[in-house]
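Inside the fold
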Amino acid sequence: MPLDTPHTQALAVDFCGLSFASPLVLLSGCVGFGEEYTRVAGFSNRQVGAVCLKGTTGDARPGNRPHRIYETPHGMLNAIGLQNPGVDHVVDAILPQLDFDETRFIANVSGSTIEEYIRVTERFDDSPVDAIEINISCPNVKEGGVAFGNDPDMSARVVEACRRATRKPLITKLSPNQTDIAESARRCIEAGTDALSAINTLMGMAIDVERRRPVLGNNQGGLSGPAIKPVALLRVHQVYQVARPHGIPIIGQGGVTGPEDAIEFLLAGATAVGLGTGLFYDPLVCGRINRGIADYMARHGFERVSQLTGALELNG
């Protein structure tokens, strides 16, 4: 899986026993089911370590009513509503069309009940995906719509259930919309997750003042983009303190648009760096980030990108 940089070996990372050609991971919901950006001239999945497929549920979902995306200062609100064709279609019709020689592919499991999480995880377990990410920010319909990821007990129950349903590496995507993300990370690690992904979007709202109504059809949505990077960096640093003693790797994400952003997440404790909204700014940013990380390593005497993980030195 050659990269657009002469420093291929230096950028390779081990993630849950999987070899990633680059620390970059394309985030769920931003690249469809791994094929959308391959239609852009100059883009290649070979430039990234892994691609997270779009969030998948047990049955097909049409998603929320429009508007579903709204640009904000230095960011974007989205309320897509988990639009997807259902896990059977993804496994039977979409996965066979992906080129697994280009990069690693990670399924993203979503659900409204623990039973749905189990069903989707079991289906992906019997598929060629390399790993499974569970999105615990989904609302639990049996608990009045409270997001699984905002309650450490519910988070742990989802992880335990999915852990029993698969032998593939399990990644838990943590919500920042909770009181203590470090405690949630600890509970997920105890429940059996192999890795953590931090952070998911922050909840936000945009208002049309002329209509006096929310812009989004769902009233609220997830905020992503550069505006959330300071929050995301702190959350990754906090999660790293819990994950490091257990050797649990982190995909750090939230506002990455260039090499310096990616390096910040690595220093804060991430093993890999997620790229999502940044692709909307520049679809060809992956090669630039890879080169920037390699140049930084050369200037500072690092031989492997893994040496950057957690290399942050706090002020006294």
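Before reading on, note that the structure itself is shown above.
Residues numbered from 1 in each chain as written. Predicted model: local features only at pLDDT ≥ 70, side-chain atom pairs only at ≥ 80, totals over all residues. Heavy atoms only, no water.

Details of the sheet that holds strand β3 (residues 24-26)
Our working definition: For two strands to count as paired, DSSP must find a minimum of two bridges between them. Starting at the N terminus, helices and strands are each numbered in turn, a helix being any DSSP run of H or I of at least four residues and a strand any DSSP run of E of at least two. Convention adopted: a line fitted to C-alpha atoms gives each axis, helices being fitted over their contacting stretch, and angles between N-to-C directions are expressed from 0 to 180 degrees. Two residues form a contact once any of their heavy atoms are found within 4.5 Å.
Strand order in the closed barrel formed by eight strands is β3-β4-β7-β8-β11-β12-β17-β18, with parallel pairing between adjacent strands. Strand-to-strand twist of the sheet, defined as the mean angle between neighbouring strand axes without regard to direction, takes the value 30 degrees. Two strands pair when backbone bridges link them, and strand β12 (residues 195-198) and strand β17 (residues 250-252) are joined in this way by three bridges, in the parallel orientation. When the sheet's bridge partners are listed, L196 is paired in β17 with I250. Here helix α6 (residues 229-243) sits on the sheet and contacts β12 and β17; the angle it forms with β17, its principal contact strand, is near 175 degrees.

Thoughts on a nonpolar patch on the surface
Rule in force here: Patch membership is restricted to residues that have no salt bridge and whose relative accessible area is over 30%. Joining uses 9 Å for like charges and 5 Å for the nonpolar side chains Val, Leu, Ile, Met, Phe, Trp and Tyr. Areas reported as accessible are Shrake-Rupley estimates using a 1.4 Å probe. Residue values count occlusion only from the protein chains shown. For this analysis, a salt bridge means a side-chain nitrogen from Lys or Arg found within 4 Å of a carboxyl oxygen belonging to Asp or Glu.
Taken together, M205, I207 and V209 make up a surface patch of nonpolar side chains, about 330 Å² in accessible area. Among the structural elements, M205 can be located in the loop between β13 (202-204) and β14 (207-208).

Considerations on helix α9 (residues 285-300)
Filter applied, for reference: How far a helix is expected to stretch is found by multiplying one less than its residue total by 1.5 Å. Only protein chains enter the accessibility calculation, which uses a 1.4 Å probe; a residue is then buried when its area is under 20% of its type maximum, exposed when over 50%, and partly exposed in between.
Taking 1.5 Å per residue as the helical rise, α9 with its 16 residues ought to reach 22 Å, and the 23 Å between its terminal C-alpha atoms agrees with that figure. For α9, every residue scored as buried is listed here: V285, C286, G287, I289, N290, G292, I293, A294, Y296 and M297. Buried residues belonging to α9 abut α1 (8-11), β3, α7 (259-268), β18 (272-275) and α8 (278-281).

Quick word on the pattern of salt bridges
Going through the model one piece at a time under the given rule, you end up with 13 salt bridges. E116 is the partner of R61 in a salt bridge, and the nearest nitrogen-oxygen pair spans 3.4 Å. Residue R61 is located in the loop between β4 (50-56) and β5 (69-72), and its partner E116 is located in helix α3 (residues 114-125); the two are separated by 55 residues in the primary sequence. Look at E116 and you get buried, because its relative accessible area is 15%. Taking the shortest distance from any N to any O, the salt bridge between D88 and R123 comes out at 2.8 Å. With D88 in helix α2 (residues 87-94) and R123 in helix α3, this residue pair connects regions lying 35 residues apart in the sequence. Residue R123 is classed as partly exposed on the basis of its relative accessible area of 23%. Residues joined in a network through salt bridges with shared partners are D88, D92 and R123.

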